[in-house]
Amino acid sequence: MDASAWDERYRATDLLWSARPNVFVEDRLRDHSPGVGLDLASGEGRNAIWLAERGWQMTAVDFSGVAIERGRSMSDRVTFIEADVLDWEPGEMLDLVLIAYLQIEAEPLSDLVRKCVTWLSPGGELFMVGHDVSNLDEGVGGPQVPEILWDLDLILSWIEGLRVVEAGVVDRPVEVDGDILYARDTLVRAQAPAG
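Just so you know, these numbers come straight off a predicted model, no measurement behind them.

(A) A look at a negative patch on the surface. The grouping of E105, E107, D111 and E147 at the surface amounts to a negative patch. Tracing the chain through its elements places E105 in the loop between β4 (94-100) and α5 (106-119). You can call E105 partly exposed: its relative accessible area is 49%.

So, in structure tokens, the structure goes:
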């Protein structure tokens, strides 16, 4: 989907995603010392806003102007930037780079992840969570296009040189018609060398 298609999705509802942060972002980063962070493909900025409320100096980047404007209306603690995350680059080193549910084909995702690794300050963390390819057969929801679903081993091959803190396929609870079902996500957390 291009930016105009995402703009239409955001225009169609008051809040496309939950106002709460992603369950894994909240759980894993709750007690993390704040620093300078970046949320790529941020949408309305729910993760960036939550982190900023905990002391992080956050920038959120998304190519949907509607999502960025909505994020700006929800928080003045986050710097929201309308840009294509595949082309945009930060002007400083980062303590956290967050990529949540950026579902694109492997080649451009690989290029982006490899760039993100170079943006990390010593000890900085790359935090990635997205729909796993196993979700097609073993999970619920999410895109049904295998080419844009994440593969854990492939992602790990892109972050050589980082220390893997956590890597796996995790179950995310999703409410469907009053029942709790589970989506399958790839979760990768990795840190740059301390220096």
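Following the structure, the description resumes.
(B) Examining the nonpolar core more closely. Ranked by size, the top nonpolar core spans 29 residues in total, and within it L40, I99 and L126 carry the most contacts. Residue contributions to this core peak at 6 residues, all from α5. Once residues within four sequence positions are removed from consideration, L40 is found in contact with V61, V85, W88, V97, L98, I99, A100, L112, C116 and W119. Residues A48, I49, A60 and F80 belong to the second largest nonpolar core, which totals 22 residues.

(C) Expanded view of the sheet that holds β4. One open sheet holds the 7 strands; their spatial order is β3-β2-β1-β4-β5-β7-β6, and the pairing between them is mixed. Across the chains shown, the open sheet's two edge strands, defined by having one partner strand only, are β3 (78-82) and β6 (163-176). Ignoring which end each strand starts from, the neighbouring axes of this sheet average 20 degrees apart. As paired elements, strand β1 (residues 36-40) and β4 share 4 bridges and run parallel to each other. Following the sheet pairing, L38 is matched in β4 by V97. Lying on the sheet, helix α4 (residues 65-74) is in contact with β2 (57-62) and β3; it crosses β3 at an angle near 165 degrees.

About the cut-offs
- Residues numbered from 1 in each chain as written.
- Predicted model: local features only at pLDDT ≥ 70, side-chain atom pairs only at ≥ 80, totals over all residues.
- Heavy atoms only, no water.
- Patch = residues over 30% accessible without salt bridge, like charges linked within 9 Å, V, L, I, M, F, W, Y side chains within 5 Å.
- Areas by Shrake-Rupley, 256 points an atom, 1.4 Å probe, with all protein chains shown as cover.
- Salt bridge = Lys/Arg side-chain N within 4 Å of Asp/Glu carboxyl O.
- Lys, Arg positive; Asp, Glu negative; His and termini not counted.
- Charge placed at Lys NZ, Arg CZ, Asp CG, Glu CD.
- Helix = DSSP H or I, 4+ residues; strand = E, 2+ residues; numbered from the N terminus.
- Buried < 20%, exposed > 50% of the residue type's maximum accessible area, 1.4 Å probe, protein only.
- Core = buried A, V, L, I, M, F, W, Y, C linked by side-chain atoms within 4.5 Å.
- Contact = heavy atoms within 4.5 Å.
- Pairing = 2+ DSSP bridges.
- Axes fitted to C-alpha atoms, helices over the stretch in contact; angles between N-to-C directions.

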